Number of protein chains: 2
Amino acid sequence: MSADETRWLSENEQELWQIIREFLWQFPSAMDRQLTQDSNMQTGEYSVLAAISECPGTSYRPADIAEALRWDRSRLSHLLRRMEAKGLISRHSDENDRRGQQIQLTDLGWQTVREAAPSHVTFVREMLFDSLNEEEGKALRSALPKILDALGKYNAGATCKADASEMAASCPNS
Amino acid sequence: MSADETRWLSENEQELWQIIREFLWQFPSAMDRQLTQDSNMQTGEYSVLAAISECPGTSYRPADIAEALRWDRSRLSHLLRRMEAKGLISRHSDENDRRGQQIQLTDLGWQTVREAAPSHVTFVREMLFDSLNEEEGKALRSALPKILDALGKYNAGATCKADASEMAASCPNS
DNA sequence: CAGAGATAATTGATACGTCAACAAAACTTA
DNA sequence: TAAGTTTTGTTGACGTATCAATTATCTCTG
């Protein structure tokens, strides 16, 4: 950056940015609290349970899960260890590729996600969707992918540059 | 919850929810990376520096900052300790209320936030505002406060139930 | 003014995310 | 098939967020 070519935010933009920042912090934080209180887990753990449970009978490799959630492998590895310790998942070595593993939900894992889902979905509906009219929903649906796309380009070269959704595509059901 | 009165998400809603979740994770995460790489700090630290620097010459108490940012006091306390260790802020006990403190930016703090601002604002503009057309901006501006309001009600009784912006209101400049 | 309660801020334990370094297995290609 | 490269997944160190408990000060009420 030579001189000062920074395109600073207008007052309007600053206001909106503050609202967005607050949303970016408050929403995940409240969601964590909801899951902690109602189901003794946090967003990350729920995301993994939900991702795996979407295709009953399927077993995923960590890499699939990481890609579906757009997560760092390391983060997932740490979390899977904790979840295995809690008895929520089981791992079996992948016979086709012995670097990898097959991750499955245990009975306890299934029970846990089934019990957690209603109150969590209720939270998401009441905090989010009930506050959106049709127009606002459409706007989000058109705006956010553009932002995610920009972020993806920004990240190019970094952690997760995969082009996604192979996990969903390979799901036998749905 | 008696029977199963859960209002599950429709397929459309599930799609949107996935996009939102991704945004909620990817954006802050990329922003942290931007600040770390360009300015050796994270979002929290930048937020505090920016909040304090908004009213030059003013000194804030931690409680003011916590309220303006809608943060937990404990989180702020830990962060202020680290920032003081780095030499970014200074604390002086408040003569009017000796429970409290006066927090000010040091010269290094000022220099740091001035140097960090351009690339950070550029990130926010390029990743966020450049992807929003006018209509989408308006939609966010109308939707997010409703969501924040719902979250506020959800939190009622928890950490931060204050009704905000006393810090901004008391700002001599602007 | 005494005591009860509220408020400001800190602290320590714990859990989680990130990063860089690593090990093992699988591809690639010459 | 051997050497180099990529991919899969783990590990440990470190920074940060959260929660409950604690201290110090202030305010209110009788």
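Residues numbered from 1 in each chain as written. Chains lettered and ligands numbered in written order. Predicted model: local features only at pLDDT ≥ 70, side-chain atom pairs only at ≥ 80, totals over all residues.

Next up on the list: the overall build of chain A. When its secondary structure is counted, chain A shows seven helices and two strands. Helices and strands appear in chain A in the N-to-C order α-α-α-α-β-β-α-α-α. Put simply, chain A has 174 residues, and 25% of those count as buried. When contacts within chain A are restricted to residue pairs at least 6 apart in sequence, those whose partners lie at least 24 apart make up 54%. (Helix = DSSP H or I, 4+ residues; strand = E, 2+ residues; numbered from the N terminus. Buried ≥ 20, exposed ≤ 12 C-beta atoms within 10 Å, placed from the backbone. Contact = placed C-beta atoms within 7 Å.)

On to the protein's contact with DNA strand D. With respect to spatial proximity, 26 residues lie near DNA strand D, and among them Ala63, Ser74, Ser77 and Gly100 of chain A together with Ser74 of chain B are the closest. Those elements that place two or more of their residues in the surface near DNA strand D are α1 (11-39), α3 (62-69) and α4 (73-86) of chain A together with α4 (73-85) of chain B. Here the surface near DNA strand D gets six residues from one element, more than from any other, and that element is α4 of chain A. Residue classes in the surface near DNA strand D are distributed as four nonpolar, 11 polar and 11 charged. (Near = placed C-beta within 6 Å. Nonpolar A, V, L, I, M, F, W, Y, C, P; charged D, E, K, R; others polar.)

Here we come to the relation of the copies chain B and chain A. Put simply, the second copy of the chain is the first one after a rotation about an axis and a shift along it. When chain B is fitted onto chain A, the two copies agree to an RMSD of 0.1 Å after a turn of 180° and an axial shift of 0.0 Å. The operation mapping one copy onto its partner corresponds to a two-fold rotation axis. When the interface residues of chain B are mapped onto chain A, 100% of them again fall at the interface, so both copies present the same face. (Least-squares fit on C-alpha atoms with pLDDT ≥ 70 in both.)

Our focus in this paragraph is the interface of chain B and chain A. On the chain A side, the residues contacting the 46 residues of chain B number 46 residues. Breaking the side of chain B that touches chain A down by element, the ones donating at least two residues are α1 (11-39), α5 (107-127) and α6 (134-155) of chain B. Residue contributions to the side of chain B that touches chain A peak at 17 residues, all from α6 of chain B. Of the residues belonging to the side of chain B that touches chain A, the class tally is 29 nonpolar, seven polar and 10 charged.

This brings us to the protein's contact with DNA strand C. Of all residues adjacent to DNA strand C, which total 26 residues, the nearest are Ser74 of chain A together with Ala63, Ser74, Ser77 and Gly100 of chain B. Contributing elements (two or more residues each) for the surface near DNA strand C: α4 of chain A together with α1, α3 (62-69) and α4 of chain B. It is α4 of chain B that contributes the most residues to the surface near DNA strand C, six residues altogether. Broken down by class, the residue content of the surface near DNA strand C amounts to four nonpolar, 11 polar and 11 charged.

Another aspect to go through is the nonpolar core. Judged by nonpolar contacts, the single largest core of 70 residues is most densely connected at Ile65 of chain A together with Ile52, Ile65 and Ile147 of chain B. Per-element tally for this core: the top contributor is α6 of chain B, with seven residues. Three or more residues apiece are contributed to this core by two domains, here domain 1 (36-117) and domain 2 (128-158) of chain A. The residues touching Ile65 of chain B, leaving out its near neighbours within four places in the chain, are Val48, Ala51, Ile52, Tyr60, Leu76 and Ile103 of chain B. (Core = buried A, V, L, I, M, F, W, Y, C linked by C-beta atoms within 7 Å. Domains from an automatic or database assignment.)

Residue and element names in this part refer to chain B. Where α3 contacts α4, the two axes come as close as 10 Å, and the packing angle between them is 120°. Between α3 and α4, the angle falls in the class oblique. The element α3 and its partner α4 pack so that their crossing is right-handed. Across the interface between the two elements, Pro62, Ile65 and Ala66 of α3 pack against Arg73, Leu76, Ser77 and Leu80 of α4. Broken down by class, the residue content of the contact of α3 with α4 amounts to five nonpolar, one polar and one charged. (Axes fitted to C-alpha atoms, helices over the stretch in contact; angles between N-to-C directions. Parallel < 35°, antiparallel > 145°, perpendicular 65-115°, else oblique. Left-handed = near helix turned anticlockwise from the far one by under 90°.)

Before going further, it helps to spend a moment on α6 of chain B. A rise of 1.5 Å per residue sets the reference length of α6 of chain B, with its 22 residues, at 32 Å; its end C-alpha atoms lie 32 Å apart and thus fit the reference within 8%. Restricting attention to buried positions, one finds in α6 of chain B the residues Glu136, Ala139, Leu140, Ala143, Leu144, Ile147, Leu148 and Leu151 of chain B. Projected onto a plane normal to the axis of α6 of chain B, the buried residues spread over an arc of 150° and lie on a single side. Among the exposed residues of α6 of chain B, those pointing more than 90 degrees away from its buried face are Glu134, Asp149 and Lys153 of chain B. In this structure, the buried side of α6 of chain B is in contact with α1, α5 (107-127) and α6 (134-155) of chain A. (Expected span 1.5 Å × (residues − 1). Arc of directions from axis to C-beta.)

Before going further, it helps to examine the UniProt feature "domain: HTH marR-type" (unreviewed entry) in chain A. The sites that UniProt annotates as "domain: HTH marR-type" (unreviewed entry) are residues 13-149 of chain A. The span residues 13-149 of chain A shows a helical share of 71% and a strand share of 7%, and its end C-alpha atoms are spaced 21 Å apart. (UniProt positions renumbered as here; feature names shortened; annotations may be inferred.)

Moving on: the confidence of the model for chain A. Per-residue confidence for chain A gives a mean pLDDT of 89; residues scoring 70 or more make up 87%. Segment residues 157-166 of chain A: pLDDT under 50, and eight contacts once partners within four positions in sequence are set aside and those in other chains are kept. (pLDDT = per-residue confidence, 0-100.)

Residue and element names in this part refer to chain B. Where helix α2 (residues 43-53) meets α3, the axes come as close as 11 Å, and the angle between the chain directions of the two elements is 110°. By the angle between their axes, α2 is roughly perpendicular relative to α3. Judged by residue contacts, Ser47, Val48, Ala51 and Ile52 of α2 engage Ile65, Ala68 and Leu69 from α3. Here the contact of α2 with α3 is composed, by residue class, of six nonpolar, one polar and no charged.

Bringing the environment of Asp32 of chain A into the picture now. Residues and elements named next belong to chain A. Within the secondary structure layout, Asp32 lies in helix α1. A count of 15 C-beta atoms within 10 Å places Asp32 in the partly exposed class. Taking C-alpha positions, Asp32 is 8.9 Å from Gly44, a pair spaced 12 residues apart along the chain. Apart from the residues lying within four places of it in its own chain, the contact partners of Asp32 are Gln42 and Thr43.

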